[in-house]
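What follows is the residue order along each chain.
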Amino acid sequence: MKMKKKLASVLTVIMLACSLPWQAQAAAPIVSNKPHKAPVATPPAVSEVQPAKAVPEPVAVKSSDTAAKPAAEVKAPKQAKPEKKAKKAAAKKSKKTKEKQSKVQVQQSNWRLKVAQQKLQVLGFSDERPSGRMTEATSTALKSFQKQHKLKADGELNDATYQKLTWEAFAKEGIPKVKGKEIVSRAAKYKGVPYVFGGTTTKGFDCSGYVQYVFKDCKAKLPRLADEQALQGIFVTQKQLRPGDLVFFTTYAAGASHVGIYAGDGQFWSASSSKGVMLSSLKDDYWKQRYYGARRVLITNGEVYK
């Protein structure tokens, strides 16, 4: 028994003696000839409940976008090219011109219709007051006139109807029985009479006073002033002129401000402010540039055909 106890004690001492160097070695730092490595940091533990979100890689920025833009950037309007501007301006001008021409055509059409309504009254086809507007009464009157003169009876105011209408009214209102040659012969008698503004006698004439006086000599009546005389009779072109027709010019005032008596062969009699009563030519530059129009006031000079 004593031997067993001693043997157990020896074994215990041996075991204790063997364990001491290892404890000392664990406590002492390890020394090595190799370079020492820096300790590696251990990443923090990531929760399994909320996985970490991936951080997006930075987007490459273009050099033109690096400058900061204003919060409310206003884009400047694009500059139109000169050619486009010119085309737009031309189109706008053309549109205005067309509108103006259309307006003038309507006004002329209304004026012509009003004249036709007046002629229908003169001829006894209508008692409607001239208005320049096409009405049922005007259309009915035109149809009656067209049937009587063997025209297309559609109640519309076409060129053929207007021309016939103005002539028939003129044949009723114009100067009858006086011939053109007679008028021209009387006009020549006063050659050389001086010009007097407002003059109406052989002591001195102005242009319209002279014309009125010549027609009065032939027992034909005309208004006193040139612009009033220009409203008489029917319109004729230069090619349609016959002796005794009236020719008008624009001189000191707009419109018909000078009047003469056509003598034939492109010549006319008038009281000029420079030489008094004289024979002039329509081909002279002065009169050619100022020619206004012509009117037929003598029924004997005949109907005008286009």
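In this numbering scheme, every chain counts its residues from 1 along its sequence in written order. Only residues with pLDDT of 70 or above have their local features reported here, since the model is predicted, and side-chain atom pairs are shown and tallied only from 80 upward, although totals for entire chains, interfaces and linings are computed over all residues. The side-chain values count all of the structure's non-hydrogen atoms but skip hydrogen atoms and water molecules.

1. A look at helix 5 (residues 180-188)
- Whether a residue is buried, partly exposed or exposed follows from its accessible area with a 1.4 Å probe, protein chains only, as a fraction of its type maximum: under 20%, in between, or over 50%, in that order. Runs of H or I in DSSP of at least four residues are treated as helices and runs of E of at least two as strands, each being numbered from the N terminus. Buried within helix 5 are the following residues: Gly180, Ile183, Val184 and Ala187. Buried residues of helix 5, viewed axially, fall in a sector of 95°; they line one side.
- For helix 5, the secondary structure elements touched by its buried residues are helix 6 (207-217), strand 5 (258-264), strand 6 (267-272) and strand 7 (276-281). The directions considered for the arc run from the helix axis to the C-beta atoms. Any two residues whose heavy atoms approach within 4.5 Å at even a single point are treated as in contact.

2. Focus: the packing of aromatic side chains
- Here a pair means two rings of Phe, Tyr or Trp (six-membered ring of Trp) with centres within 6.5 Å. Their orientation is stacked below 30 degrees between planes, edge-to-face above 60, and tilted elsewhere. For the structure shown, the criterion picks out eleven aromatic pairs.
- Seen in terms of ring centroids, tryptophan 167 and phenylalanine 170 are 5.4 Å apart; in terms of plane orientation they differ by 55°. Their pairing is tilted. Of this pair, tryptophan 167 and phenylalanine 170 both sit in helix 4 (residues 159-173), three residues apart, which is roughly one turn of the helix. Each member of the pair tryptophan 167 and phenylalanine 170 is classed as buried.
- With centroids separated by 4.9 Å and ring planes inclined at 85°, the aromatic side chains of tyrosine 286 and tryptophan 287 adopt a geometry described as edge-to-face.
- A residue is classified by how much of its surface remains accessible, and tryptophan 287, at 10% relative accessible area, is buried.
- Aromatic rings pair up to connect Phe249, Phe268, Tyr286, Trp287 and Tyr291 into one cluster.
- When the ring centre of tyrosine 162 is taken as origin, the NZ or CZ atom of arginine 112, which lies over that ring, is 4.8 Å away. Charges are assigned to positions over rings by a cutoff of 6 Å between ring centre and Lys NZ or Arg CZ, combined with an angular limit of 35 degrees from the ring normal.

3. A few points about the side chain of asparagine 301
- Along the polypeptide, asparagine 301 turns up in the segment after strand 8 (291-296).
- Sequence-distant contacts of asparagine 301, that is, excluding residues within four places in its chain, are made with Gly180, Arg242, Pro243, Gly244, Asp245 and Arg296.

4. Focus on the confidence of the model for the protein
- In the predicted model, the protein carries a mean pLDDT of 80, and 68% of its residues have values of at least 70.
- Each residue carries a pLDDT value, the predictor's own confidence for that position, ranging from 0 to 100. Contacts of residues 59-72 to residues separated by more than four positions or lying in other chains number one contact, the stretch itself having pLDDT below 50.
- Low pLDDT, under 50, characterises residues 103-108; the predicted model gives this stretch zero contacts beyond four residues in sequence or across chains.

5. Focus on the packing of helix 3 (residues 136-148) against helix 4
- Contact pair helix 3 / helix 4: the axes reach a minimum separation of 11 Å and the direction vectors enclose 80°. The pairing of helix 3 with helix 4 is recorded here as roughly perpendicular in orientation. Judged by residue contacts, Leu142, Phe145 and Gln146 of helix 3 engage Thr161, Lys164, Leu165 and Glu168 from helix 4.
- Residue classes follow a fixed rule: Ala, Val, Leu, Ile, Met, Phe, Trp, Tyr, Cys and Pro count as nonpolar, while Asp, Glu, Lys and Arg count as charged, and any other residue, Gly among them, counts as polar. Residue classes in the contact of helix 3 with helix 4 are distributed as three nonpolar, two polar and two charged. Where helices are involved, their axes are fitted lines through C-alpha atoms of the stretch in contact, as for all axes, and angles between N-to-C directions lie from 0 to 180°. What sets the label is the angle itself: under 35 degrees gives roughly parallel, over 145 gives roughly antiparallel, 65 to 115 gives roughly perpendicular, and the rest give oblique.

6. Remarks on the pairing of strand 8
- Any two strands with at least two DSSP bridges between them are considered paired. Here three bridges tie strand 3 (residues 234-236) to strand 8, and the two strands are oriented antiparallel to one another. For isoleucine 234, the partnering residue across the bridge sits in strand 8 and is arginine 296.

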